[in-house]
Amino acid sequence: MEPTPGPTLVAHRAGNNPSGSGAAASTAHMVEIDLHLWHGRLEVRHAKRLWIFQRLWEQWELLPAHTAVPVFDEALAALPGTTPLLVDLKGWSPRLVDKVCEGIRKTDPGGSRRIVASARSWWLLPRLRHHPDTTTLRSVGTKWQRWLALRLPAHGHGVVIHQLLLDPVSVRRLVDRYGTVFTWNVETVERAEALVDMGVSGLIIDDLELIRVLRTRLEA
C-alpha cells in the first residue's frame, strides 16, 4: 500500500477494541494496536498487568477482574485485510516480536499490508524489517529519551514522540536525523496543524471526529 499524501492520521488504540475498530479503519489512515506478550498469548491492550495478581491496571487504577482482553488474531480479524497498522510493542522480549510477525504472516501472507511498528525497547525494531512494507519507529516519551534519540545513529528507523516534547527546533533536528516523525496525544486542530507545519509526518489521535476534521482540512 502506498503511503498517504500529507500526514498519516492514526486512530490511537482503536485496534484494541475489535467491536469498534471497523469505524476507526474507515475514518483514519491507520489503526493503532497495543501488544503485550503474556504467558504465550499476544494480548491486545494498553493496560498493564500486576504480575502477582494478574489484574489489569491503568493510570494507577485496577480494572474490573472480568475485563475482556482480545488477542492479536481477534483484533486483526475485526479489521479489513488492507487496513494499515501501527503496532506498539509493549515489552522487551524478542519473543514478542516473533509472535507479532507470526500473526501478521497468518493474515497477510503476501505482505501487502502496510505496517508501522513502534517500541520503547528500541533493540527489538530491527527484527521486524523482514516485512516488505514496514516502518520502524523508536518510541520517545521523556526528555532523556529525546536527548538519546537525537544523538544515536538512526539506522533506518523513524521516531514516534509525545507531542509535548516537540517544538520547531526539536522537530527539525528529528526530521534531519530520522526522516519520519510521528507524534501522539494530539488533541486539537490548531496543535495538529502546527505540528504538520513543523514537519511531523504522522499524528496519533484518540478522537475520531478530530481525525475526520483534519482529513477534510489537510487533504483539501
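Just so we're clear, the structure is a prediction, and the values are computed from it rather than from any experiment. All residue numbers refer to position in the chain's written sequence, counted from 1. Under the rules for a predicted model, residues below a pLDDT of 70 receive no local features and side-chain atom pairs below 80 are neither given nor counted, while totals for whole chains, interfaces and linings still include all residues. Hydrogens and water molecules were not included; the side-chain quantities draw on all heavy atoms of the structure.

Asks: Please explain the layout of surface pockets as it appears in this structure.
Replies: Sizing a probe to match a water molecule and rolling it over the atoms shows the empty space that remains. A cavity here means a set of points on a 1 Å grid, drawn over the protein atoms and nothing else, where a 1.4 Å probe fits but cannot get out; a pocket is an open set with protein on both sides within 12 Å along at least five of seven lines, and a residue lines either one if it has an atom within 4 Å of a point. Grid points are joined across faces, edges and corners, and a volume is the space filled by probe spheres set on the points. Size it by volume and the largest pocket reaches roughly 1,100 Å³. Counting from the N terminus, the helices are the DSSP runs of H or I reaching at least four residues and the strands are the DSSP runs of E reaching at least two. Those elements giving two or more residues to the lining of the largest pocket turn out to be β2 (30-38), β4 (48-49), β5 (56-58), β7 (85-89) and α3 (94-107). Considering each element in turn, the lining of the largest pocket owes the most residues, 5 residues, to β2. Each pocket or cavity is described by its volume, and for the second largest pocket that value is around 160 Å³. Lining the second largest pocket we find Gly40, Arg41, Leu42, Val71, Phe72, Asp73, Lys99, Glu102, Gly103 and Lys106.

Asks: Can you help me understand unusual backbone geometry in this one?
Replies: What you tend to see is this: most non-glycine residues have negative phi, and most peptide bonds are trans. Even without being glycine, histidine 39 reaches a positive phi, approximately 50°. Inspection of the secondary structure assignment puts histidine 39 in the loop between β2 and β3 (41-44). You will see that asparagine 185, though not glycine, has its phi angle at about 70°, which is positive. Its location among the elements puts asparagine 185 in the loop between β11 (181-184) and α6 (189-198).

Asks: I would appreciate a short explanation of the nonpolar core in the present structure.
Replies: Among soluble globular proteins, nonpolar side chains are generally buried collectively. Definition used in this section: a nonpolar core is a set of buried Ala, Val, Leu, Ile, Met, Phe, Trp, Tyr and Cys residues joined via side-chain atoms within 4.5 Å. The rule is simple: take the accessible area with a 1.4 Å probe, protein chains only, and divide by the maximum for that residue type; under 20% is buried, over 50% is exposed, in between is partly exposed. Formed by 53 residues in total, the largest nonpolar core has its most connected members in Leu35, Phe72, Val100 and Leu203. If one sorts the elements of this core by residue count, α3 sits on top with 5 residues. Residue contacts are defined here by distance: any two heavy atoms, one from each residue, within 4.5 Å place the two residues in contact. Excluding residues within four positions of it along the chain, leucine 203 makes contact with Thr8, Leu9, Val10, Thr183, Val186, Ala192, Leu195, Val196 and Leu214. Membership of the second largest hydrophobic core comes to 9 residues, among which are Met30, Leu86, Phe182 and Trp184.

Asks: Even after reading the chapter, I still don't get helix α5 (residues 168-178), so can you show me in this structure?
Replies: One full turn of an α-helix is made of 3.6 residues, so residues set three or four places apart face in the same direction. Regarding α5, the residues found buried are Ser170, Val171, Leu174 and Tyr178. Buried positions in α5, seen along its axis, are confined to an arc of 100° and lie on one side of it. Residues adjacent in sequence count toward polar contacts only when both atoms are side-chain atoms; beyond that, a polar contact is any pair of N or O atoms within 3.5 Å, and within protein one must be able to donate a hydrogen and the other to accept it. Capping the start of α5 is the job of one residue whose side-chain oxygen sits 3.0 Å from the backbone nitrogen of valine 169: aspartate 167. After α5 finishes, the residue glycine 179 shows a positive phi value of roughly 80°. An arc is given here, and it is the one of the directions from the helix axis to the C-beta atoms.

Asks: I keep staring at the pattern of salt bridges and nothing clicks. Help me out?
Replies: Side-chain pairs of opposite charge can arise where the charged atoms are in close proximity. Any carboxyl oxygen of Asp or Glu that lies within 4 Å of a side-chain nitrogen of Lys or Arg is treated as forming a salt bridge with it. Enumeration over the complete set of coordinates arrives at 8 salt bridges. Of the charged contacts, one joins arginine 212 and glutamate 209 as a salt bridge, the two residues approaching to 3.2 Å between their closest N and O atoms. Pair noted here: arginine 212 and glutamate 209 are both in helix α7 (residues 208-218), with a separation of 3 residues, about one helical turn. Overall, the relative accessible area of 38% leaves arginine 212 in the partly exposed class. You can call glutamate 209 partly exposed: its relative accessible area is 45%. Through salt bridges with shared partners, one network takes in Asp34, Asp88 and Lys90.

Asks: Would you mind showing me how to read the environment of aspartate 207 here?
Replies: With respect to the element layout, aspartate 207 can be found in the loop between β12 (202-205) and α7. For aspartate 207, a relative accessible area of 42% gives the class partly exposed. Engagement of the side chain of aspartate 207 in a polar contact is seen with the backbone nitrogen of glutamate 209, the distance being 2.9 Å.

Asks: I keep staring at α3 and nothing clicks. Help me out?
Replies: Counted at 1.5 Å a residue, the expected span for α3 with its 14 residues is 20 Å, and the 21 Å between its end C-alpha atoms agrees. Taken together, the buried positions of α3 are Leu96, Val97, Val100, Cys101, Gly103 and Ile104. Projected onto a plane normal to the axis of α3, the buried residues spread over an arc of 160° and lie on a single side. Looking at α3, the residues exposed on the side facing more than 90 degrees away from the buried face are Arg95 and Lys106. Where α3 is buried, its residues contact β2, β3, α2 (72-77), β7 and β8 (115-119). For α3, the N-terminal capping position is held by serine 93, with its side-chain oxygen 3.1 Å away from the main-chain nitrogen of arginine 95. Given a helix with a known number of residues, its expected span is that number minus one, times 1.5 Å.

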